[in-house]
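Coordinate analysis (summary)
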Amino acid sequence: MVEVYYEGKDDFSLVIFPNPNTGNQLNVTLTGIVKDDELAVEVYDMAGKMVFVTVDPHRDTPGNTFSLDLKGQLAEGSYVVRVLKNDREQASKILIVVD
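Residues numbered from 1 in each chain as written. Predicted model: local features only at pLDDT ≥ 70, side-chain atom pairs only at ≥ 80, totals over all residues. Heavy atoms only, no water.

What follows covers the confidence of the model for the chain. Averaged over the chain, the pLDDT score is 85; the fraction of residues at 70 or greater is 88%. Contacts from residues 3-9, a stretch scored under 50 in pLDDT, to residues over four places away or in other chains number 15 contacts. (pLDDT = per-residue confidence, 0-100. Contact = heavy atoms within 4.5 Å.)

Another aspect to go through is the side chain of Lys85. Tracing the backbone shows Lys85 in strand 7 (residues 77-85). At 2.5 Å, the side chain of Lys85 and the backbone oxygen of Gly32 are in polar contact. (Helix = DSSP H or I, 4+ residues; strand = E, 2+ residues; numbered from the N terminus. Polar contact = N/O pair within 3.5 Å; in protein donor to acceptor, adjacent residues only side chain to side chain.)

Glancing now at the pairing of strand 7. Of the strand pairs in this sheet, strand 4 (residues 39-45) and strand 7 are connected by seven bridges, and their pairing is antiparallel. Within the sheet, the bridge partner assigned to Leu39 lies in strand 7 and is Lys85. Judged from the nine bridges that link them, strand 7 and strand 8 (residues 88-96) form a sheet pairing that is antiparallel. In the strand pairing of strand 8, Ser78 is matched with Leu95. In sequence, strand 7 turns back onto strand 8 through a hairpin of two residues, with Asn86 there showing a positive phi of about 50°. (Pairing = 2+ DSSP bridges.)

Now for the environment of Phe17. With respect to the helices and strands, the residue Phe17 is situated in strand 2 (residues 13-17). Residue Phe17 is classed as partly exposed on the basis of its relative accessible area of 27%. The spacing of Phe17 and Thr29 is 12 residues in sequence and 8.4 Å in space, taken between C-alpha atoms. (Buried < 20%, exposed > 50% of the residue type's maximum accessible area, 1.4 Å probe, protein only.)

Let us now look at the sheet that holds strand 4. Read from one edge of the open sheet, four strands run 5-4-7-8, paired in antiparallel fashion. One side of each edge strand has no neighbouring strand; the edge strands of this open sheet are strand 5 (50-55) and strand 8. The average undirected angle you get between the axes of adjacent strands in this sheet is 15°. (Axes fitted to C-alpha atoms, helices over the stretch in contact; angles between N-to-C directions.)

Written as structure tokens, this is what we have:
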């Protein structure tokens, strides 16, 4: 599990699990968000190419944890997950390990 914290007027933190991951489902927990916040979740490979994006995945789930269904789209390797909230962002590295 990787946690990233931002100290500011509203705490905005990102937790991604499990990490390493098999590339099928990625769980994301965010603090410092409300349902009205505009969120984008982007996944980039190490070459900087965006390989996955979704907008406002938090609106359909109770609480601050939601799942991203990656459907095995990611090859084995390292990726950066970037979450954009209104005018702020958090990023974390994940490792995909294919069985």
